[in-house]
Amino acid sequence: MSHDLFASWACSEIAHILREEQPSYFANTGEVAGWAVGAGREGGRLWPLADGVISTSHVSDIDINIAVEFKRVNEGLHGTLTAIGQSLAYLHKGYHGAFIVIPEKYDSYASPGEHISEILNLTASTLPIGVFVYKEPNVNSIRPFDGKIECIKAPNLTANLLSQSTTHSRARASTLWAHVREG
């Protein structure tokens, strides 16, 4: 199965987690509930391209777009370093936050999620970058990553950070997609 398919499944599942656990992710924005959360792909082709986008909005006119960087097992431990760099580039591009989604473990390293979290806490603790780890999805399920994704580090989404214009342009998701399976 393709990287993009796995990324879309993971992005959809993380959007579901954010919908269900809003106080855990949005408390620092000043609005702990009432968020609409959707998963999609990045509209346009301006580099760097996120593997997915989680778009959220609140009735108080707060919109948050979070880039998702997904790494598969076959990308290896090197993918953890590129994921950190890509997440920083997504913030520079204009996303309000970024999620790194990596395997729970690699053959060569038992806890890459904790390792990335330690690096981010040491070097970029105030930036809105979250880390999720996943177990192999159930490809026969309607929600392949249901119960298989865990948040290791929640992003620091704050109203102060969201109001700052730190980049040239704000990234937006303009294309939404869904997967429908029969059977």
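Figured I'd write up the structure that's included with this text. Treat the numbers as computed from the prediction; the structure is a model and nothing was measured. Numbering of residues starts from 1 in every chain and runs along the sequence as written. A pLDDT threshold of at least 70 governs which residues receive local features in this predicted model, and a stricter bar of 80 or more applies before side-chain atom pairs are shown or counted, although totals over entire chains, interfaces and linings include all residues. Computation of side-chain values: all heavy atoms of the structure, hydrogens and water removed.

Notes on the overall build of the protein chain
Move 1: Within the protein chain one finds five helices and seven strands.
Move 2: Only DSSP runs of H or I reaching four residues or more are called helices, and only runs of E reaching two or more are called strands; each is numbered from the N terminus. Counted from the first residue to the last, the protein chain has its helices and strands arranged as α-α-β-β-β-α-β-α-β-β-α-β.
Move 3: Burial analysis of the protein chain (183 residues in total) assigns 46% to the buried set.
Move 4: Working rule for contacts: check all heavy atoms of both residues, and any pair within 4.5 Å makes them a contact. Here the analysis covers contacts within the protein chain between residues at least 6 apart in sequence; of these, 66% occur between residues at least 24 apart.
Move 5: Accessible surface for the protein chain amounts to roughly 9300 Å². Of this, 51% is attributable to carbon and sulfur atoms. Throughout, exposure labels follow a simple rule: accessible area from a 1.4 Å probe, protein chains only, divided by the maximum for the residue type, with under 20% read as buried, over 50% as exposed, and the rest as partly exposed. Every accessible area reported is derived by Shrake-Rupley at a probe size of 1.4 Å, with residue values counting cover from the shown protein chains alone.

Examining the environment of Asp-146
Move 1: Mapped onto the fold, Asp-146 is located in the loop between strand E5 (129-134) and strand E6 (149-153).
Move 2: C-alpha separation for the pair Asp-146 and Trp-9, spaced 137 residues apart in sequence, amounts to 9.4 Å.

Let's talk about the packing of aromatic side chains
Move 1: Pairing of aromatic rings covers Phe, Tyr and Trp, the last counted by its six-membered ring, and requires centre-to-centre distances within 6.5 Å; plane angles under 30 degrees mean stacked, over 60 mean edge-to-face, and any other angle means tilted. Evaluated as defined, the whole model comprises nine aromatic pairs.
Move 2: An angle of 15 degrees between the planes, with centres 4.3 Å apart, marks the rings of Phe-26 and Trp-35 as stacked.
Move 3: Note on Phe-26: relative accessible area 0%, which makes it buried.
Move 4: For the pair Tyr-134 and Phe-145, a centre-to-centre distance of 5.3 Å together with 85 degrees between the ring planes defines the contact as edge-to-face. One end of the pair, Tyr-134, is in strand E5; the other, Phe-145, is in the loop between E5 and E6, with 11 residues separating them in the sequence. One exposure class covers both Tyr-134 and Phe-145, and it is buried.

Focus: the pattern of salt bridges
Move 1: Any Lys or Arg side-chain nitrogen found within 4 Å of a carboxyl oxygen on Asp or Glu counts as a salt bridge. All told, the structure shown has six salt bridges when counted by the stated rule.
Move 2: Among the ionic pairs, Glu-69 bridges to Lys-71, the shortest N-O distance being 3.2 Å.
Move 3: Classification of Lys-71 by relative accessible area gives buried; the value is 6%.

Focus: unusual backbone geometry
Excluding glycine, residues mostly have negative phi values, and the peptide bonds linking residues are mostly trans.
Move 1: At the junction of Trp-47 and Pro-48, the peptide bond is cis and its omega measures out at -5 degrees in the coordinates.
Move 2: Secondary-structure assignment places Pro-48 in the loop between strand E1 (35-41) and strand E2 (52-58).
Move 3: Of note, the phi angle at Asp-61 is positive, near 65 degrees, even though the residue is not glycine.
Move 4: Within the element layout of this structure, Asp-61 appears in the loop between E2 and strand E3 (62-70).
Move 5: The exposed category is assigned to Asp-61, whose relative accessible area is 71%.

Some points on the nonpolar core
The nonpolar side chains of a soluble globular protein tend to be buried with one another.
Move 1: As used in this record, nonpolar core signifies buried Ala, Val, Leu, Ile, Met, Phe, Trp, Tyr and Cys residues forming a set joined through side-chain atoms within 4.5 Å. In this structure, Leu-18, Ile-54, Phe-99 and Val-101 are the most contacted members of the largest nonpolar core, which totals 27 residues.
Move 2: Residue assignment for this core shows that the elements contributing at least two residues are helix H1 (3-20), helix H2 (22-26), E1, E3, strand E4 (97-103) and E5.
Move 3: Residue contributions to this core peak at nine residues, all from H1.
Move 4: Non-local contacts of Leu-18, meaning those with residues more than four positions away in its chain, are made with Tyr-25, Phe-26, Val-37, Ile-54, Ile-66 and Phe-99.
Move 5: If you look at the next biggest cluster of nonpolar residues, it comprises 12 residues, including Ile-84, Ile-100, Ile-102 and Tyr-106.

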